[in-house]
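Coordinates in review
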Amino acid sequence: MSGITYIKRASQLITIRGGTKEPKRAQDMSDIGIIEHGSVVVENGLITFVGSDVEAERYVHTLNGHINTIDASGKIVTPGLIDAHTHIVFGGSREKELEMRLNGAKYIDILKAGGGILQTTSTREATEEQLIQETSKRLNRFLQYGVTTVEAKSGYGLTLEDELKQLRAAKKLNEKHPVDLVSTFMGAHAVPVEYKENPDEFVRLVIEEMIPRVAEENLAEFCDVFCEEGVFTVEQSEQILEAGKVYGLKPKIHADEIVQFGGAELAAKVGAVSADHLLQASDEGIKQMAKSGVIAVLLPGTAFFLMEKPANARKMIEAGVPVALSTDRNPGSSPTESLPFIMNLACLTMKMTPAEVLTACTINAAHAIGRADEVGSIEVGKKGDLVLFDAPNYQTLQYNYAVNLVDTVIKKGQVIVEGGALRDVPVPTT
Ligand code: IZC
Ligand code: ZN
């Protein structure tokens, strides 16, 4: 990526600096490194200058070559938002489940009856090319909401070939779409109907056949499991995550979403990078996560859409657990790409502050997907991934709820979204 991009005169430059080595915890989550009247320069895709307008003018005078200058007056500039938990690659749709749930059915009962995730195994019928096309549209929407990096899980194929297909689609999207994708293997998302009578055989398949192939083809960096009553037990989850570790896949866990199940404790025990959901996490589990440095990836949009009480974010922050926030974008329990709305929900339903939610969707989310040295803050050396919001200060992002205030999105120094609209993004093909 060549060229110079100079974003000047932001009313507030929200740098989120100081969290590259370790995720931010407790009071540090409120330290978002604001530079009033700030400017930033991106050269060849990387940030080379961050500071005041006055210093920036001096710096820019030393540069040669064409400079694309973007006036950010009246706007705030943040790092590109990061979504650390999505199930974005899938085929089909599940709108009927919403009606079922409005009529009293529970998410987990729909799954146990062969619906839910097991319905999304319709992903098996889609070609890799179709998955790429469908997922591109979702990624385009993510861009319009200011999201420049997403994690993407497999887990709707539930056969070796179909899991590989999902992960290959994500890999190609990462190569060709402006949004960066980080892949997680989640073969242990549900026990497919073929193994209903013999779930341990499916666990064996995940451990002995899927994990080695995923690692051999270099298709994922993380391994995740849906550790939940009626899905995978704590013991099965531990075996799968330990097997993943042997092959270099770092553990993540869907933990304590529906019942208190010991998922948070398991996350600490296996040294998981993150434990996600945590609506029912025990006090002991939270304590152990803080001690082991497990990041809590909270998904208040899922709680909202399932009409459940969200996770206790305040308790986790007070206990010293680093907190990240994500959409959980998936066809069943969170069909949205609006990370800004998830940030609103984090404030309004979990009482996180406007500063904490920005940390949670930038540097802490970057840590949750192993990218903190590249993205998540506006600091020299990081990727030039930036968002200009049509807001004079960062509190306004949470005050105007469910409103998309994204004006401009810059990816590695290139303007991708302008005036809220996507510039021509080529739809990738295989
Ligand atoms: O497709 O329902 N919770 N996995 C665990 C999901 C939600 C995704 C889905
Ligand atoms: Zn999930």
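Relevant structure appears above.
Cut-offs and rules
- Residues numbered from 1 in each chain as written.
- Chains lettered and ligands numbered in written order.
- Predicted model: local features only at pLDDT ≥ 70, side-chain atom pairs only at ≥ 80, totals over all residues.
- Heavy atoms only, no water.
- Helix = DSSP H or I, 4+ residues; strand = E, 2+ residues; numbered from the N terminus.
- Rg over C-alpha atoms; globule rule 2.2 N^0.38 Å.
- Contact = heavy atoms within 4.5 Å.
- Areas by Shrake-Rupley, 256 points an atom, 1.4 Å probe, with all protein chains shown as cover.
- Lys, Arg positive; Asp, Glu negative; His and termini not counted.
- Charge placed at Lys NZ, Arg CZ, Asp CG, Glu CD.
- Near = heavy atom within 4 Å.
- Polar contact = N/O pair within 3.5 Å; in protein donor to acceptor, adjacent residues only side chain to side chain.
- 1 Å grid on protein atoms, 1.4 Å probe; cavity = no way out; pocket = protein on both sides within 12 Å on 5 of 7 lines; lining within 4 Å.
- Sits in = over half its atoms within 2 Å of the grid points.
- Nonpolar A, V, L, I, M, F, W, Y, C, P; charged D, E, K, R; others polar.
- Salt bridge = Lys/Arg side-chain N within 4 Å of Asp/Glu carboxyl O.
- Buried < 20%, exposed > 50% of the residue type's maximum accessible area, 1.4 Å probe, protein only.
- Axes fitted to C-alpha atoms, helices over the stretch in contact; angles between N-to-C directions.
- Parallel < 35°, antiparallel > 145°, perpendicular 65-115°, else oblique.
- Left-handed = near helix turned anticlockwise from the far one by under 90°.
- Pairing = 2+ DSSP bridges.
- Donors = N, O, S within 2.8 Å, 3.2 Å for Na, K, Ca; no water.
- Tetrahedral: all angles 85-135°; square planar, octahedral: opposite > 155°, others 65-115°.
- Points joined across faces, edges and corners; volume = space filled by probe spheres on them.

Secondary structure assignment for the protein yields 15 helices and 17 strands. Its C-alpha atoms give the protein a radius of gyration of 21 Å, near enough to 22 Å, the size a compact globule of 430 residues would have. Each principal axis of the C-alpha atoms in the protein carries an extent, and together these give about 70 × 45 × 45 Å. Look at the contacts in the protein between residues 6 or more apart in sequence, and 73% of them connect residues 24 or more apart. Accessible surface for the protein amounts to roughly 16,200 Å². Of this, 50% is attributable to carbon and sulfur atoms. One way to put it: in the protein the 43 positive side-chain charges average out to a point 2 Å from where the 58 negative ones average out.

Around ligand 1, the neighbouring residues are Arg94, Tyr107, Ile117, Tyr156, His189, Phe226, His254, Glu257, Asn330 and Ser333. Between tyrosine 156 and ligand 1, the recorded distance is 2.6 Å, taken from a side-chain N or O atom to an oxygen atom. Separating a nitrogen atom of ligand 1 from a side-chain N or O atom of glutamate 257 is a distance of 3.4 Å. Taking 270 Å² as the accessible area of ligand 1 by itself, protein coverage stands at 100%. Among the detected pockets, ligand 1 sits in the largest cavity. Residues belonging to the shell around ligand 1 are distributed by class as follows: four nonpolar, four polar and two charged.

Tallying each qualifying case throughout the model produces 29 salt bridges. Between lysine 245 and glutamate 242 there is a salt bridge whose closest N-O contact spans 3.2 Å. Placement of both lysine 245 and glutamate 242 in helix H7 (residues 234-246) is noted, with a separation of three residues, approximately one turn of the helix. Judged by relative accessible area, which is 35%, lysine 245 ranks as partly exposed. A single network of salt bridges, built from pairs that share partners, joins Asp180, Glu374, Lys383, Asp385, Lys411 and Lys412.

Glancing now at the packing of helix H5 (residues 160-176) against helix H6 (residues 199-216). Their axes nearest at 10 Å, the elements H5 and H6 cross at an angle of 30°. Between H5 and H6, the interaxial angle falls into the category roughly parallel. In the packing of H5 onto H6, the handedness of the crossing is right-handed. Between H5 and H6, the contacting residues are Leu160, Glu161, Glu163, Leu164, Leu167 and Arg168 on the first element and Glu209, Met210, Arg213 and Val214 on the second. When the residues that make up the contact of H5 with H6 are grouped by side-chain class, the tally is five nonpolar, no polar and five charged.

Turning our eyes to something else, we now look at the pairing of strand E15 (residues 406-411). Within a regular strand, the side chains alternate between the two sheet faces. Among the six residues of E15, six are classified as buried, and the element is accordingly described as predominantly covered. Across three bridges, the pairing between E15 and strand E16 (residues 414-418) is antiparallel. For valine 409, the partnering residue across the bridge sits in E16 and is valine 417.

So, on to the coordination of the zinc ion (ligand 2). Coordination of the zinc ion (ligand 2) by the protein involves His85 (NE2), His87 (NE2), His254 (NE2) and Asp328 (OD), with metal-donor separations of 2.0 to 2.6 Å. Classification of the site at the zinc ion (ligand 2) as irregular follows from its four donor atoms and the range of 77 to 164° in their angles at the metal. Written as a sequence motif, the donor arrangement for the zinc ion (ligand 2) is H-x1-H-x166-H-x73-D. In this pair, histidine 254 sits in strand E10 (residues 250-255) while aspartate 328 sits in the loop between strand E13 (323-325) and helix H12 (339-350), placing the two residues 74 residues apart along the sequence. Judged by its relative accessible area of 3%, histidine 254 falls in the buried class. Residue aspartate 328 is classed as buried on the basis of its relative accessible area, which comes to 1%.

Two pairing modes exist for strands in a sheet, parallel and antiparallel, and in both the strands are linked by backbone hydrogen bonds. What the eight strands build is an open sheet, ordered E6-E7-E8-E9-E10-E11-E12-E13; its pairing is parallel. Taken across any chain shown, the strands that pair with only one partner, and hence form the sheet edges, are strand E6 (81-83) and E13. Between one strand and the next, the sheet's axes are offset by a mean angle of 25°, whatever the strand orientation. Sheet analysis places E10 next to strand E11 (residues 274-277), joined by four bridges and oriented parallel. The residue of E11 that forms the bridge with alanine 255 is histidine 277. Against the sheet, helix H4 (residues 128-144) touches E6, strand E7 (147-153) and strand E8 (180-188), its axis set at about 140° to E7.

What follows is about the layout of surface pockets. Of the voids in this model, the largest pocket is the one considered here, and its volume is about 290 Å³. Along the walls of the largest pocket sit 19 residues, with Lys106, Tyr107, Ile258, Leu306 and Glu308 positioned nearest its centre. Breaking the lining of the largest pocket down by element, the ones donating at least two residues are helix H3 (107-112) and helix H10 (300-305). Considered class by class, the residues forming the lining of the largest pocket number nine nonpolar, four polar and six charged.

Attention now moves to unusual backbone geometry. Trans peptide bonds make up the majority, and among non-glycine residues the majority have a negative phi. Even without glycine at this site, methionine 307 takes up a positive phi of about 60°. Take methionine 307: it is sitting in the loop between H10 and helix H11 (313-319). Given the relative accessible area of 48%, methionine 307 is considered partly exposed. Positioned with a positive phi, lysine 351 is a non-glycine residue whose angle comes to about 60°. For lysine 351, the location among the structural elements is in the loop between H12 and helix H13 (354-360).

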